[in-house]
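# Observations on chain architecture
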Amino acid sequence: MADQAVSRPASSFRLPSLSALGPLLALILLVALGAFLNDNFLSQGNITNVLARSAFIGMIAVGMTFVITSGGLDLSVGSMAAFIAGVMILAMNALLPSMGVGVPLILAGMGVALAVGLAAGLANGLLVTRAGIEPFIVTLGTMGIFRSLVTWLADGGTISLDFAVRQLYRPVYYSGLFGIAWPILVFALVAIAGQVAMRHTRFGRYCEAIGSNDKVARYSAVSVEGVRLATYVLLGLLVGLATIMYVPRLGSASGSTGMLWELEAIAAVIIGGTALKGGYGRVWGTVVGVLILSLIDNILNLADLVSPYLNGAIQGVIIVLAVVLQRGKKSSA
Amino acid sequence: MERRTFLATTAAAVAAAGLATPALAQGKKAVIGVSIPSATHGFMGGLNWHAQETIKRLKATYPNLDFVLATAGAVGKQVNDIEDMMATRNIDALVVLPFESEPLTSPVKAVKDAGKWVTVVDRGLSQEGIEDLYVAGDNTAFGRVAGEYFKANLKSGAKIVVLRGIPTTLDNERVDAFRKAIDGSGIEILDMQHGNWNRDKAFSVMQDYLSKHKKIDAVWAADDDMAIGVLEAISQSGRQKEMWVVGGAGMKEIVKRIMDKDPQLPVDVTYPPALISTALEITALRFVSDTPVYGRFIIGSTLITPANAAQFYFPNSPF
């Protein structure tokens, strides 16, 4: 045990330490529990449902991993997703008369989503890095702004995508390639790219360096502000990407879209083993964290274990346990 | 007592106290303060829209009435709004939809004690006898009407699933009434989970119901926002022919589909966000006429069917 815990030089092929396996262990236990409680749990339909549902929070959480690793935080992502969804739908409805129902219109909508995501991320990032305001406060502020804006755009109701456009766009959520739904594929690609970026690129190392000690990073000629800004922009883009996959699902956005996504994303990141105070990030852990969170919900629905009033409590217990599992192992190792 | 009619049981007492005379002195405008929760979800969005529309109409109809509208996103904000209306706008009447009953009771009582007219909408205060007029929807009827439809249209042994709202007394009243209505019909409730009156949550819950249960004959989604999520999950599973769905409230998209005789959505149960308009109109009457308007006005929950859907369809409302 002790040998394994001794830190080795950073080689790209090191095995994850035992403590890192905590969340994975929790995930495996949950899957076993689910399979034991309900025969349909491992059916292809259910697995697809759970993975596709996780995809939105998952993509956002991968971006959040970089923000948190470099010592930041973004509370605005849920509201941002709702705002982007609203703007995207309004833009597509507005472009409909001139462009007609077709793939170019969908692509234009996707472009709008990414552009708004980029702008929103840039706004957060600039306020944090240039104006030097605490990320908690900046993003708490933008959280309220985005949420109000979407409510205002929707006139307090719901913004709905034109029916014909929706029919064309629908397969982006509901169908897929080789039997794997698109949101799952995109999420997988984002996760792999995130893992590579965190472990094998300068950007990932800079994030960790800034998160553990930004002064030292600055003295080492790392552009601290630049990298931090980049993490917020990256997160904004990923929120845009998540929205692109989200909108075809129900074809609508309202003031209650994306409610509490920010907390789920942050919880997933922390469950996965990234340090909340920054300095260490683990993208594959984040993916495990996201899956744990959606599995809890799924299992509670599939099995009538407890009164539905207690669902929140069960979720809370499992989240804390998943973190205790890894921290406990770490201190004993 | 017939609750759906306009009761004037308190009339004698109030009239004796001399409150029934029109409050207007010549030439002075009466100011009506309106305090409602902000548009955080579909139903409240509709309620806000109807409030604004009604105020516009009343102002045009009665030049001697003025309105102050404040929307609050939290309990504390609503208390502040009401205090500000009293302190700075010199209101003659308050129409309030309390965010929560307990915390709003004493601020509203203070308004009443200052001799103002008080209309309470939808959510009652925790102390009786404060308001002059109470206007509300009927949660028990909401559950009962839905339950009666299920009982009349399903055979004994039929299997249904239910989506509940946010855990609240209001939700409990609806669900209890629903259960009571289907009691003895032999209909089996397979599952009851909270969908929080939210489309996305209802979508996931329904997906899980569909994985779990091989046979479902009908769904009581209990809310039109949840019905939208439920329908999407059903169509993903390709089981549209197997079950029908009943929502609730009267969202325009749903009412439209009932008008178009969608087999998946046979009926809907009303819980109209326009109940704020009822409260405003009746309160306005008190200041422009001698019409007695104290008492309780309970708006019934009725069944929207393809036959009567047109009268519940408001294409311009956001809800």
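What you are looking at is a predicted structure, and each value in this text was computed from that prediction instead of being measured.

Secondary structure summary: chain B contains ten helices and twelve strands in total. Computed over its C-alpha atoms, the radius of gyration of chain B comes to 21 Å, within 12% of the 20 Å expected for a compact globule of 319 residues. With the C-alpha coordinates of chain B rotated into their principal frame, the extents come out at 70 × 35 × 35 Å. Looking at chain B residue by residue over its 319 residues, the buried ones come to 57%. Long-range contacts, defined here as pairs at least 24 residues apart, represent 74% of the contacts in chain B between residues at least 6 apart. As displayed, chain B offers around 12,900 Å² of accessible surface, 53% of which is attributable to carbon and sulfur atoms. Charge centroids of chain B, computed over 34 positive and 36 negative side chains, lie 3 Å from each other.

Per the secondary structure count, chain A includes 15 helices and four strands. Against the compact-globule benchmark of 20 Å for 333 residues, chain A has a radius of gyration of 20 Å, which places it among compact chains. Burial analysis of chain A (333 residues in total) assigns 52% to the buried set. Residue pairs in contact within chain A that sit at least 24 positions apart in sequence constitute 80% of those at least 6 positions apart. A total accessible area of about 14,400 Å² is found for chain A, and carbon and sulfur atoms account for 70% of it. Separation of charge centres in chain A, based on 19 positive and 13 negative side chains, amounts to 10 Å.

Here we take up helix α3 (residues 75-89) of chain B. Residue and element names in this part refer to chain B. Between its first and last C-alpha, α3 extends 20 Å over 15 residues, near the 21 Å set by a 1.5 Å rise per residue. Within α3, the full set of buried residues consists of Val 75, Gln 78, Val 79, Asp 81, Ile 82 and Met 85. Relative to the axis of α3, the buried residues are bounded by an arc of 155° and lie together on one face. Opposite its buried face, α3 presents the exposed residues Ala 87 and Thr 88, each directed more than 90 degrees away. Residues of α3 that are buried in the fold lie against β1 (30-37), β2 (65-72), β3 (93-96) and α4 (101-113).

Moving on, we come to the interface of chain A and chain B. Counting from both sides, the interface comprises 33 residues of chain A and, opposite them, 33 residues of chain B. Of all residues in chain A, Leu250(A), Asn301(A) and Tyr309(A) bury the most surface against chain B, accounting for 22% of the area lost on that side. Counting across the chain A and chain B interface gives five salt bridges. Across the chain A-chain B interface, the total number found is 15 residue pairs in polar contact (both at pLDDT 80 or more). Here the side of chain A that touches chain B takes five residues from helix α14 (residues 283-302) of chain A, the largest share from any one element. Partitioning the side of chain A that touches chain B into residue classes produces ten nonpolar, 16 polar and seven charged.

All names here are of chain B. Taken together, the six strands give an open sheet; going across it, the order is β2-β1-β3-β4-β5-β11, and neighbouring strands pair in parallel fashion. Edge strands, defined here as strands with exactly one partner in the open sheet, are β2 and β11 (295-299). Here the strands of the sheet are splayed against their neighbours by 15° on average, with no regard to which way each runs. α3 rests against β1, β2 and β3 of the sheet, and its axis sits at about 155° to β2.

Put simply, chain A has an average pLDDT of 88, and 92% of its residues get 70 or more. Residue range residues 1-12 of chain A is modelled with pLDDT below 50. Its contacts to residues more than four positions away, or to other chains, number three contacts.

Residues and elements named next belong to chain A. As for its placement among the helices and strands, Val 77 is situated in helix α4 (residues 77-99). In this structure, the C-alpha to C-alpha distance between Val 77 and Cys 207, residues 130 residues apart in sequence, is 20 Å. Ignoring sequence-local partners within four residues, the contact set of Val 77 consists of Ile 60, Met 64, Leu 235, Val 239 and Glu 262.

Moving on to a nonpolar patch on the surface. Residues and elements named next belong to chain A. Taken together, Leu 127, Ile 133, Phe 136, Ile 137 and Leu 140 make up a surface patch of nonpolar side chains, about 410 Å² in accessible area. It is helix α6 (residues 135-153) that provides the largest number of residues to the nonpolar patch, a total of three residues. One can find Phe 136 in helix α6.

Right, let's talk about the pattern of salt bridges for a bit. Throughout the structure, instances matching the rule amount to 23 salt bridges over all chains. Between Glu281(B) and Arg57(B) there is a salt bridge whose closest N-O contact spans 2.5 Å. Note that Glu281(B) is positioned in helix α10 (residues 275-288) and Arg57(B) in helix α2 (residues 42-61), a separation of 224 residues in sequence. Among the ionic pairs, Arg164(B) bridges to Asp171(B), the shortest N-O distance being 3.0 Å. For Arg164(B), a relative accessible area of 10% translates into the label buried. Through salt bridges with shared partners, a single network forms among Arg166(A), Arg170(A) and Glu232(B).

Another aspect to go through is the side chain of Thr257(A). With respect to the helices, strands and loops of the structure, Thr257(A) is situated in the loop between β4 (252-254) and α13 (261-271). A relative accessible area of 4% means that Thr257(A) is categorised as buried. A distance of 2.9 Å separates the side chain of Thr257(A) from the backbone nitrogen of Ser254(A), its partner in a polar contact. Not counting residues within four places of it along the chain, the set of residues in contact with Thr257(A) comprises Gly78(A), Ala82(A), Arg147(A), Tyr246(A), Ser252(A) and Asp200(B).

The next thing to look at is the packing of helix α3 (residues 44-69) of chain A against helix α9 (residues 182-200) of chain A. All names here are of chain A. Direction vectors running N to C along α3 and α9 enclose 25°, while the axes themselves pass 8 Å from each other. Overall, the two elements α3 and α9 adopt an arrangement that is roughly parallel. The way α3 lies across α9 gives a crossing that is left-handed. For the pair formed by α3 and α9, the contact residues are Thr 48, Leu 51, Ala 52, Ser 54, Ala 55, Gly 58, Met 59, Val 62, Thr 65, Phe 66 and Thr 69 on the first element and Pro 183, Ile 184, Val 186, Phe 187, Val 190, Ala 191, Gly 194, Ala 197 and Met 198 on the second. Residue composition of the contact of α3 with α9, grouped by class: 14 nonpolar, six polar and no charged.

All names here are of chain B. With five of its six residues buried, strand β6 (residues 159-164) lies for the most part within the structure. In the sheet, β6 pairs with strand β7 (residues 188-194) via six bridges, with the strands oriented parallel. Note that in β7 the partner of Leu 163 across the bridge is Gln 193. Each parallel crossover has a hand, and for β6 linked through helix α6 (residues 169-182) to β7 it is right-handed. By the bridge criterion, three bridges tie β6 to strand β8 (residues 218-220) in an arrangement that is parallel. Within β8, the position partnered with Ile 160 by the bridge is Ala 218.

Our next topic: the nonpolar core. Formed by 175 residues in total, the largest nonpolar core has its most connected members in Phe150(B), Met206(B), Val219(B) and Trp220(B). Per element, the largest residue contribution to this core is 13 residues, and it comes from α3(A). Here this core spans two domains, and each of domain 1 (11-137 + 273-300) and domain 2 (139-269) of chain B adds at least three residues to it. Residues in contact with Trp220(B), not counting those within four places in the same chain, are Phe142(B), Gly143(B), Ala146(B), Phe150(B), Val161(B), Val162(B), Leu163(B), Arg174(B), Val175(B), Phe178(B), Val246(B) and Gly247(B).

Each value, and the rule that gives it
Residues numbered from 1 in each chain as written. Chains lettered and ligands numbered in written order. Predicted model: local features only at pLDDT ≥ 70, side-chain atom pairs only at ≥ 80, totals over all residues. Heavy atoms only, no water. Helix = DSSP H or I, 4+ residues; strand = E, 2+ residues; numbered from the N terminus. Rg over C-alpha atoms; globule rule 2.2 N^0.38 Å. Buried < 20%, exposed > 50% of the residue type's maximum accessible area, 1.4 Å probe, protein only. Contact = heavy atoms within 4.5 Å. Areas by Shrake-Rupley, 256 points an atom, 1.4 Å probe, with all protein chains shown as cover. Lys, Arg positive; Asp, Glu negative; His and termini not counted. Charge placed at Lys NZ, Arg CZ, Asp CG, Glu CD. Expected span 1.5 Å × (residues − 1). Arc of directions from axis to C-beta. Buried area = accessible area lost by both parts, 1.4 Å probe. Salt bridge = Lys/Arg side-chain N within 4 Å of Asp/Glu carboxyl O. Polar contact = N/O pair within 3.5 Å; in protein donor to acceptor, adjacent residues only side chain to side chain. Nonpolar A, V, L, I, M, F, W, Y, C, P; charged D, E, K, R; others polar. Pairing = 2+ DSSP bridges. Axes fitted to C-alpha atoms, helices over the stretch in contact; angles between N-to-C directions. pLDDT = per-residue confidence, 0-100. Patch = residues over 30% accessible without salt bridge, like charges linked within 9 Å, V, L, I, M, F, W, Y side chains within 5 Å. Parallel < 35°, antiparallel > 145°, perpendicular 65-115°, else oblique. Left-handed = near helix turned anticlockwise from the far one by under 90°. Right-handed = clockwise from strand over helix to strand, strands pointing away. Core = buried A, V, L, I, M, F, W, Y, C linked by side-chain atoms within 4.5 Å. Domains from an automatic or database assignment.

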